[in-house]
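# Working through the structure, step by step
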Amino acid sequence: MNTPPELPASSELPERDLPPGRHRLLKEHLMTEFRPDDRTATAPAPRGRRLRRLLTVTAVAAATAAVITVALPTGDGDRERGFGGSASREAVALLENVALAAEHRKAPDGIRDDQFVYLRSKTAHMREGVDGKVRMEPIHLREVWLSVDGSRAGLLREDNENGTMKLDPQTGGNDASTTYRNLRTLPTDPGKMLTWLREHSDGGGSEEQQTFVLVGDLARESLMPPDVAAALFRAAARIPGVVVVPDAVDATGRRGVAVARTDQGSRAELIFDRKTNMYLGERVVQTVDVPGSTRKGGVTGTTAVLQRAIVDKVGQRP
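Rules used in this analysis
- Residues numbered from 1 in each chain as written.
- Predicted model: local features only at pLDDT ≥ 70, side-chain atom pairs only at ≥ 80, totals over all residues.
- Heavy atoms only, no water.
- Helix = DSSP H or I, 4+ residues; strand = E, 2+ residues; numbered from the N terminus.
- Buried < 20%, exposed > 50% of the residue type's maximum accessible area, 1.4 Å probe, protein only.
- Contact = heavy atoms within 4.5 Å.
- Areas by Shrake-Rupley, 256 points an atom, 1.4 Å probe, with all protein chains shown as cover.
- Pairing = 2+ DSSP bridges.
- 1 Å grid on protein atoms, 1.4 Å probe; cavity = no way out; pocket = protein on both sides within 12 Å on 5 of 7 lines; lining within 4 Å.
- Points joined across faces, edges and corners; volume = space filled by probe spheres on them.
- Nonpolar A, V, L, I, M, F, W, Y, C, P; charged D, E, K, R; others polar.
- Axes fitted to C-alpha atoms, helices over the stretch in contact; angles between N-to-C directions.
- Parallel < 35°, antiparallel > 145°, perpendicular 65-115°, else oblique.
- Left-handed = near helix turned anticlockwise from the far one by under 90°.
- Salt bridge = Lys/Arg side-chain N within 4 Å of Asp/Glu carboxyl O.
- Expected span 1.5 Å × (residues − 1).
- Arc of directions from axis to C-beta.
- Phe/Tyr/Trp six-rings, centres within 6.5 Å; stacked < 30°, edge-to-face > 60°.

### Regarding the overall build of the protein chain
- Within the protein chain one finds 7 helices and 10 strands.
- The proportion of buried residues among the 318 residues of the protein chain is 58%.
- Pairs at least 24 residues apart make up 68% of the contacts formed inside the protein chain by residues separated by at least 6 positions.
- Put simply, the protein chain shows about 12400 Å² of open surface, and 50% of that area lies on carbon and sulfur atoms.

### Concerning the pairing of strand β8 (residues 266-272)
- Along β8, 7 of the 7 residues are buried, which leaves the element largely enclosed by surrounding structure.
- The alternating pattern of β8 places Ser266, Ala268, Leu270 and Phe272 on one face and Arg267, Glu269 and Ile271 on the opposite face, and all of these are buried.
- Where strand β7 (residues 255-263) lies against β8, 7 bridges are found, and the strand directions are antiparallel. Residue pairing across strands places Asp263 opposite Ser266, the latter belonging to β8.
- The turn joining β7 and β8, which pair antiparallel and follow one another in sequence, is formed by 2 residues; a positive phi near 50° is taken by Gln264.
- Note that β8 and strand β9 (residues 279-286) share 7 bridges and pair antiparallel. In the strand pairing of β9, Ser266 is matched with Gln286.

### A closer look at empty space enclosed by the protein
- Within the structure shown, the criterion is met by 3 cavities of 30 Å³ or more.
- Of the voids in this model, the second largest cavity is the one considered here, and its volume is about 50 Å³.
- Ser147, Arg152, Gly154, Asp168 and Gln170 are the residues nearest the centre of the second largest cavity, which is lined by 11 residues in total.
- Grouping the constituent residues of the lining of the second largest cavity by class yields 5 nonpolar, 4 polar and 2 charged.

### Considerations on the packing of helix α6 (residues 207-220) against helix α7 (residues 226-236)
- Axis separation between α6 and α7 bottoms out at 10 Å; the angle between their running directions is 160°. Here α6 lies roughly antiparallel to α7, going by the angle between them. Read as a crossing pair, α6 and α7 show a hand that is left-handed. Contacts between α6 and α7 involve Val215, Leu218 and Ala219 from the former and Leu232, Phe233 and Ala236 from the latter.
- Residue composition of the contact of α6 with α7, grouped by class: 6 nonpolar, no polar and no charged.

### Some details on the pairing of strand β3 (residues 140-147)
- By the criterion of burial, β3 is predominantly enclosed, with 7 of the 8 residues buried.
- Here 8 bridges tie strand β1 (residues 116-128) to β3, and the two strands are oriented antiparallel to one another. Paired with Lys122 across the bridge in β3 is Leu141.
- By the bridge criterion, 4 bridges tie β3 to strand β4 (residues 154-158) in an arrangement that is antiparallel. Bridging across to β4, Val144 finds its partner in Leu156.

### Some details on the pattern of salt bridges
- Considering all chains together, one arrives at 22 salt bridges under this definition.
- Asp114 serves as the salt-bridge partner of Arg112, at 2.9 Å between the closest nitrogen and oxygen.
- Sharing partners across several salt bridges, the network here consists of Glu96, Glu103 and Arg234.

### Some points on α6
- For α6, with 14 residues, the first-to-last C-alpha span of 20 Å sits near the 20 Å given by 1.5 Å per residue.
- The element α6 is extensively covered by neighbouring structure, given that 13 of its 14 residues are classed as buried.

### Quick word on helix α3 (residues 89-103)
- Compared with the 21 Å implied by 1.5 Å per residue over 15 residues, the 21 Å span of α3 between its first and last C-alpha is a close match.
- Among the residues making up α3, those that are buried are Ala91, Leu94, Leu95, Val98, Ala99, Ala101 and Ala102. Summarising the axial view, the buried residues of α3 lie within an arc of 160°, below the 170-degree limit, and thus occupy one face.
- Buried positions along α3 lie against α7, β6 (243-249), β7 and β8.

### Let's talk about the packing of aromatic side chains
- A full pass over the atoms with the stated rule returns 3 aromatic pairs.
- Their ring planes at 85° and their centres at 5.6 Å tell us that Phe233 and Phe272 sit as a pair that is edge-to-face. Remark: Phe272 occurs in strand β8 and Phe233 occurs in helix α7; sequence separation between them is 39 residues. By the burial criterion, Phe233 is buried, and Phe272 matches it.
- Overall, the relative accessible area of 0% leaves Phe272 in the buried class.
- Among the aromatic side chains, those forming a connected cluster through ring pairs are Phe233, Phe272 and Tyr279.

Here it is, written out as C-alpha coordinates:
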(Lines give C-alpha, C1' and ligand atoms only; values in the text may rest on other atoms or scores of the structure.)
Protein backbone atom coordinates (compact mmCIF):
# COMPACT_ATOMS: atom_id res chain seq x y z
CA MET A 1 0.00 0.00 0.00
CA ASN A 2 1.26 3.45 -0.83
CA THR A 3 2.21 5.76 1.98
CA PRO A 4 -0.54 8.36 2.31
CA PRO A 5 0.62 11.81 1.28
CA GLU A 6 0.33 14.55 3.88
CA LEU A 7 -0.87 17.98 3.04
CA PRO A 8 1.90 20.55 2.74
CA ALA A 9 2.11 22.75 5.82
CA SER A 10 0.64 25.61 3.84
CA SER A 11 -2.41 23.47 3.03
CA GLU A 12 -3.02 22.00 6.42
CA LEU A 13 -5.58 24.24 8.06
CA PRO A 14 -6.71 24.12 11.62
CA GLU A 15 -10.09 22.85 11.22
CA ARG A 16 -13.40 22.64 12.39
CA ASP A 17 -16.25 20.26 12.40
CA LEU A 18 -17.47 18.82 9.53
CA PRO A 19 -20.82 18.36 10.19
CA PRO A 20 -22.42 19.87 7.61
CA GLY A 21 -24.93 21.70 8.70
CA ARG A 22 -26.53 22.43 11.86
CA HIS A 23 -26.86 19.39 11.34
CA ARG A 24 -24.25 20.27 10.16
CA LEU A 25 -23.87 17.84 12.72
CA LEU A 26 -22.68 15.65 10.31
CA LYS A 27 -25.45 15.90 10.11
CA GLU A 28 -24.78 15.95 13.13
CA HIS A 29 -23.17 18.70 13.80
CA LEU A 30 -22.60 22.19 13.88
CA MET A 31 -24.15 25.22 14.46
CA THR A 32 -26.13 24.85 17.54
CA GLU A 33 -28.54 27.70 17.89
CA PHE A 34 -30.62 28.60 20.88
CA ARG A 35 -33.42 31.03 20.53
CA PRO A 36 -35.92 32.20 23.11
CA ASP A 37 -39.57 31.51 22.77
CA ASP A 38 -42.47 30.59 24.96
CA ARG A 39 -42.40 27.09 23.51
CA THR A 40 -40.49 24.07 24.68
CA ALA A 41 -37.18 23.47 22.95
CA THR A 42 -37.47 20.89 20.22
CA ALA A 43 -35.00 19.12 18.00
CA PRO A 44 -34.96 20.68 14.54
CA ALA A 45 -35.94 18.62 11.56
CA PRO A 46 -33.21 17.48 9.18
CA ARG A 47 -32.05 20.26 6.94
CA GLY A 48 -33.07 19.10 3.53
CA ARG A 49 -30.56 20.13 0.94
CA ARG A 50 -27.81 21.06 3.37
CA LEU A 51 -28.05 17.72 5.11
CA ARG A 52 -27.92 15.83 1.88
CA ARG A 53 -25.16 18.06 0.74
CA LEU A 54 -22.96 17.47 3.65
CA LEU A 55 -22.99 13.86 4.24
CA THR A 56 -25.39 11.07 4.28
CA VAL A 57 -24.62 9.29 7.50
CA THR A 58 -25.58 5.76 8.33
CA ALA A 59 -27.56 5.80 11.55
CA VAL A 60 -27.14 9.50 11.99
CA ALA A 61 -30.59 10.03 13.31
CA ALA A 62 -29.25 9.68 16.82
CA ALA A 63 -26.58 12.25 16.18
CA THR A 64 -28.83 14.86 14.71
CA ALA A 65 -31.20 14.65 17.62
CA ALA A 66 -28.50 16.30 19.69
CA VAL A 67 -29.09 19.80 18.37
CA ILE A 68 -31.82 21.82 19.99
CA THR A 69 -33.33 24.95 18.48
CA VAL A 70 -35.94 27.28 19.83
CA ALA A 71 -37.44 29.78 17.39
CA LEU A 72 -37.40 33.52 17.95
CA PRO A 73 -39.17 35.94 15.63
CA THR A 74 -36.77 38.34 13.94
CA GLY A 75 -37.05 41.95 15.07
CA ASP A 76 -35.11 45.20 14.98
CA GLY A 77 -34.13 44.79 18.61
CA ASP A 78 -32.30 41.59 17.71
CA ARG A 79 -30.10 43.21 15.11
CA GLU A 80 -26.47 44.11 15.59
CA ARG A 81 -24.44 46.57 13.53
CA GLY A 82 -24.68 45.60 9.89
CA PHE A 83 -27.50 43.09 10.32
CA GLY A 84 -30.02 43.34 7.52
CA GLY A 85 -27.90 45.79 5.51
CA SER A 86 -24.73 44.99 3.61
CA ALA A 87 -21.44 43.42 4.65
CA SER A 88 -19.31 45.93 6.54
CA ARG A 89 -16.19 47.37 4.91
CA GLU A 90 -14.09 45.64 7.55
CA ALA A 91 -15.68 42.28 6.71
CA VAL A 92 -15.14 42.77 2.99
CA ALA A 93 -11.46 43.63 3.54
CA LEU A 94 -10.89 40.68 5.89
CA LEU A 95 -12.58 38.19 3.58
CA GLU A 96 -10.52 39.44 0.62
CA ASN A 97 -7.34 38.75 2.61
CA VAL A 98 -8.69 35.31 3.51
CA ALA A 99 -9.50 34.65 -0.16
CA LEU A 100 -6.02 35.71 -1.27
CA ALA A 101 -4.44 33.39 1.28
CA ALA A 102 -6.71 30.52 0.18
CA GLU A 103 -5.97 30.82 -3.52
CA HIS A 104 -2.20 30.86 -2.90
CA ARG A 105 -2.33 27.71 -0.80
CA LYS A 106 -1.08 24.64 -2.65
CA ALA A 107 -3.42 21.67 -2.96
CA PRO A 108 -2.05 18.13 -2.53
CA ASP A 109 -0.76 16.57 -5.76
CA GLY A 110 -2.10 13.43 -7.37
CA ILE A 111 -5.27 12.94 -5.34
CA ARG A 112 -6.91 9.67 -6.42
CA ASP A 113 -10.59 8.80 -6.41
CA ASP A 114 -9.96 5.75 -4.21
CA GLN A 115 -8.44 7.87 -1.43
CA PHE A 116 -10.05 9.67 1.50
CA VAL A 117 -10.03 13.18 2.91
CA TYR A 118 -9.08 13.00 6.60
CA LEU A 119 -10.29 15.78 8.91
CA ARG A 120 -9.47 16.19 12.59
CA SER A 121 -11.07 18.76 14.87
CA LYS A 122 -12.07 19.59 18.42
CA THR A 123 -15.69 20.51 18.97
CA ALA A 124 -18.57 20.90 21.41
CA HIS A 125 -22.26 21.74 21.06
CA MET A 126 -25.38 22.14 23.12
CA ARG A 127 -27.07 18.80 23.74
CA GLU A 128 -30.08 17.59 25.62
CA GLY A 129 -29.15 15.21 28.42
CA VAL A 130 -31.08 12.25 29.74
CA ASP A 131 -32.49 14.58 32.40
CA GLY A 132 -34.04 16.70 29.68
CA LYS A 133 -31.78 19.66 30.38
CA VAL A 134 -29.82 21.29 27.56
CA ARG A 135 -26.17 22.07 28.23
CA MET A 136 -22.79 22.31 26.51
CA GLU A 137 -21.08 18.98 26.10
CA PRO A 138 -17.31 18.76 26.85
CA ILE A 139 -14.94 19.75 24.07
CA HIS A 140 -13.83 16.54 22.41
CA LEU A 141 -11.95 15.07 19.44
CA ARG A 142 -13.70 14.46 16.14
CA GLU A 143 -12.23 12.59 13.16
CA VAL A 144 -13.84 12.09 9.76
CA TRP A 145 -12.82 10.12 6.67
CA LEU A 146 -14.62 11.15 3.45
CA SER A 147 -14.33 9.41 0.10
CA VAL A 148 -12.60 11.65 -2.47
CA ASP A 149 -15.17 10.90 -5.17
CA GLY A 150 -18.03 9.90 -2.85
CA SER A 151 -18.26 6.35 -4.14
CA ARG A 152 -16.98 4.69 -0.96
CA ALA A 153 -18.32 4.59 2.58
CA GLY A 154 -16.64 7.00 5.00
CA LEU A 155 -16.23 6.99 8.76
CA LEU A 156 -16.87 9.26 11.74
CA ARG A 157 -15.15 8.83 15.09
CA GLU A 158 -16.20 11.23 17.81
CA ASP A 159 -15.36 11.14 21.51
CA ASN A 160 -18.93 11.67 22.63
CA GLU A 161 -22.20 9.76 22.48
CA ASN A 162 -21.98 9.55 18.68
CA GLY A 163 -19.00 7.21 18.94
CA THR A 164 -18.04 5.53 15.67
CA MET A 165 -20.40 5.67 12.69
CA LYS A 166 -20.20 4.54 9.11
CA LEU A 167 -20.91 7.29 6.57
CA ASP A 168 -22.85 6.31 3.48
CA PRO A 169 -21.33 6.92 0.03
CA GLN A 170 -22.37 10.22 -1.56
CA THR A 171 -23.87 9.09 -4.81
CA GLY A 172 -26.93 9.82 -6.91
CA GLY A 173 -25.87 12.97 -8.75
CA ASN A 174 -26.16 15.34 -5.78
CA ASP A 175 -24.66 18.61 -7.03
CA ALA A 176 -24.40 19.85 -3.43
CA SER A 177 -22.14 17.02 -2.29
CA THR A 178 -19.02 18.01 -0.34
CA THR A 179 -16.79 15.38 -1.89
CA TYR A 180 -13.47 16.72 -3.16
CA ARG A 181 -14.34 15.84 -6.76
CA ASN A 182 -17.66 17.65 -6.61
CA LEU A 183 -16.15 20.69 -4.90
CA ARG A 184 -13.80 21.01 -7.88
CA THR A 185 -16.87 21.67 -10.06
CA LEU A 186 -18.13 24.62 -8.00
CA PRO A 187 -17.94 28.16 -9.40
CA THR A 188 -14.67 30.08 -9.08
CA ASP A 189 -16.40 33.38 -9.81
CA PRO A 190 -17.65 35.03 -6.56
CA GLY A 191 -20.96 36.14 -8.07
CA LYS A 192 -21.73 32.69 -9.45
CA MET A 193 -20.60 31.14 -6.20
CA LEU A 194 -23.02 33.34 -4.26
CA THR A 195 -25.83 32.27 -6.57
CA TRP A 196 -24.88 28.61 -6.04
CA LEU A 197 -24.82 29.09 -2.26
CA ARG A 198 -28.27 30.68 -2.24
CA GLU A 199 -29.67 27.90 -4.40
CA HIS A 200 -28.30 25.18 -2.10
CA SER A 201 -28.75 26.70 1.35
CA ASP A 202 -31.53 25.43 3.57
CA GLY A 203 -32.56 25.26 7.20
CA GLY A 204 -33.71 27.70 9.87
CA GLY A 205 -33.25 31.45 9.91
CA SER A 206 -33.40 34.01 7.14
CA GLU A 207 -32.25 33.22 3.60
CA GLU A 208 -29.11 35.31 4.07
CA GLN A 209 -28.30 33.56 7.34
CA GLN A 210 -28.76 30.18 5.70
CA THR A 211 -26.32 31.26 3.00
CA PHE A 212 -23.75 32.41 5.55
CA VAL A 213 -24.10 29.17 7.51
CA LEU A 214 -23.51 27.20 4.31
CA VAL A 215 -20.23 29.09 3.81
CA GLY A 216 -19.14 27.78 7.21
CA ASP A 217 -20.40 24.29 6.43
CA LEU A 218 -18.23 24.15 3.32
CA ALA A 219 -15.18 25.73 4.93
CA ARG A 220 -15.30 23.54 7.98
CA GLU A 221 -15.22 19.88 7.13
CA SER A 222 -14.05 19.47 3.57
CA LEU A 223 -10.92 19.85 1.46
CA MET A 224 -11.59 22.68 -0.98
CA PRO A 225 -9.58 23.42 -4.12
CA PRO A 226 -7.75 26.76 -3.67
CA ASP A 227 -9.64 28.66 -6.40
CA VAL A 228 -13.00 27.42 -5.14
CA ALA A 229 -12.14 28.36 -1.55
CA ALA A 230 -11.17 31.86 -2.69
CA ALA A 231 -14.50 32.26 -4.49
CA LEU A 232 -16.35 31.00 -1.41
CA PHE A 233 -14.89 33.68 0.86
CA ARG A 234 -15.35 36.44 -1.72
CA ALA A 235 -18.97 35.37 -2.05
CA ALA A 236 -19.34 35.59 1.74
CA ALA A 237 -18.27 39.24 1.51
CA ARG A 238 -21.38 39.89 -0.58
CA ILE A 239 -23.84 38.58 2.01
CA PRO A 240 -25.76 41.40 3.73
CA GLY A 241 -25.24 41.77 7.46
CA VAL A 242 -21.77 40.20 7.70
CA VAL A 243 -19.53 42.06 10.15
CA VAL A 244 -16.15 41.62 11.85
CA VAL A 245 -15.74 40.36 15.42
CA PRO A 246 -12.22 41.56 16.38
CA ASP A 247 -11.60 38.88 19.01
CA ALA A 248 -12.98 35.35 18.75
CA VAL A 249 -11.81 32.07 20.29
CA ASP A 250 -12.04 28.58 18.80
CA ALA A 251 -12.55 25.30 20.64
CA THR A 252 -8.86 24.94 21.51
CA GLY A 253 -8.48 28.50 22.82
CA ARG A 254 -6.78 29.92 19.73
CA ARG A 255 -7.64 33.57 19.36
CA GLY A 256 -8.38 35.09 16.00
CA VAL A 257 -10.56 37.54 14.12
CA ALA A 258 -13.96 36.49 12.82
CA VAL A 259 -16.56 37.40 10.28
CA ALA A 260 -20.00 36.94 11.74
CA ARG A 261 -23.69 37.29 11.12
CA THR A 262 -26.53 37.51 13.64
CA ASP A 263 -30.00 36.10 13.13
CA GLN A 264 -32.80 35.35 15.58
CA GLY A 265 -30.71 35.78 18.71
CA SER A 266 -27.68 33.77 17.58
CA ARG A 267 -24.38 34.97 16.08
CA ALA A 268 -22.47 32.62 13.79
CA GLU A 269 -18.72 33.35 13.67
CA LEU A 270 -16.11 32.06 11.19
CA ILE A 271 -12.71 32.49 12.86
CA PHE A 272 -9.40 33.15 11.05
CA ASP A 273 -5.78 33.42 12.12
CA ARG A 274 -4.75 37.08 12.34
CA LYS A 275 -1.38 36.55 10.64
CA THR A 276 -1.94 33.78 8.10
CA ASN A 277 -5.67 34.38 7.41
CA MET A 278 -6.19 30.63 7.62
CA TYR A 279 -9.52 29.26 8.80
CA LEU A 280 -9.33 28.20 12.46
CA GLY A 281 -12.88 27.17 13.27
CA GLU A 282 -16.33 28.39 14.22
CA ARG A 283 -18.24 29.62 17.21
CA VAL A 284 -21.93 30.27 17.83
CA VAL A 285 -22.73 32.92 20.44
CA GLN A 286 -26.11 33.68 21.97
CA THR A 287 -27.01 37.36 21.60
CA VAL A 288 -30.14 37.28 23.78
CA ASP A 289 -31.04 35.53 27.02
CA VAL A 290 -32.84 32.20 26.74
CA PRO A 291 -34.78 31.68 29.97
CA GLY A 292 -33.69 28.52 31.74
CA SER A 293 -30.90 27.86 29.28
CA THR A 294 -28.22 30.06 27.73
CA ARG A 295 -27.63 33.67 28.72
CA LYS A 296 -26.63 36.43 26.35
CA GLY A 297 -22.95 36.00 25.45
CA GLY A 298 -22.99 32.25 26.08
CA VAL A 299 -21.36 29.93 23.54
CA THR A 300 -23.69 27.26 22.15
CA GLY A 301 -21.32 25.72 19.60
CA THR A 302 -17.55 25.76 19.09
CA THR A 303 -15.10 24.04 16.74
CA ALA A 304 -11.38 24.12 15.98
CA VAL A 305 -10.06 22.54 12.78
CA LEU A 306 -6.74 20.86 13.49
CA GLN A 307 -5.80 18.93 10.37
CA ARG A 308 -6.80 18.13 6.78
CA ALA A 309 -4.97 15.49 4.79
CA ILE A 310 -5.29 12.77 2.16
CA VAL A 311 -5.00 9.12 3.23
CA ASP A 312 -5.35 5.80 1.41
CA LYS A 313 -8.04 4.11 3.47
CA VAL A 314 -10.75 4.63 6.07
CA GLY A 315 -9.39 4.74 9.62
CA GLN A 316 -5.86 5.66 8.50
CA ARG A 317 -4.27 8.78 9.99
CA PRO A 318 -1.62 10.84 8.21
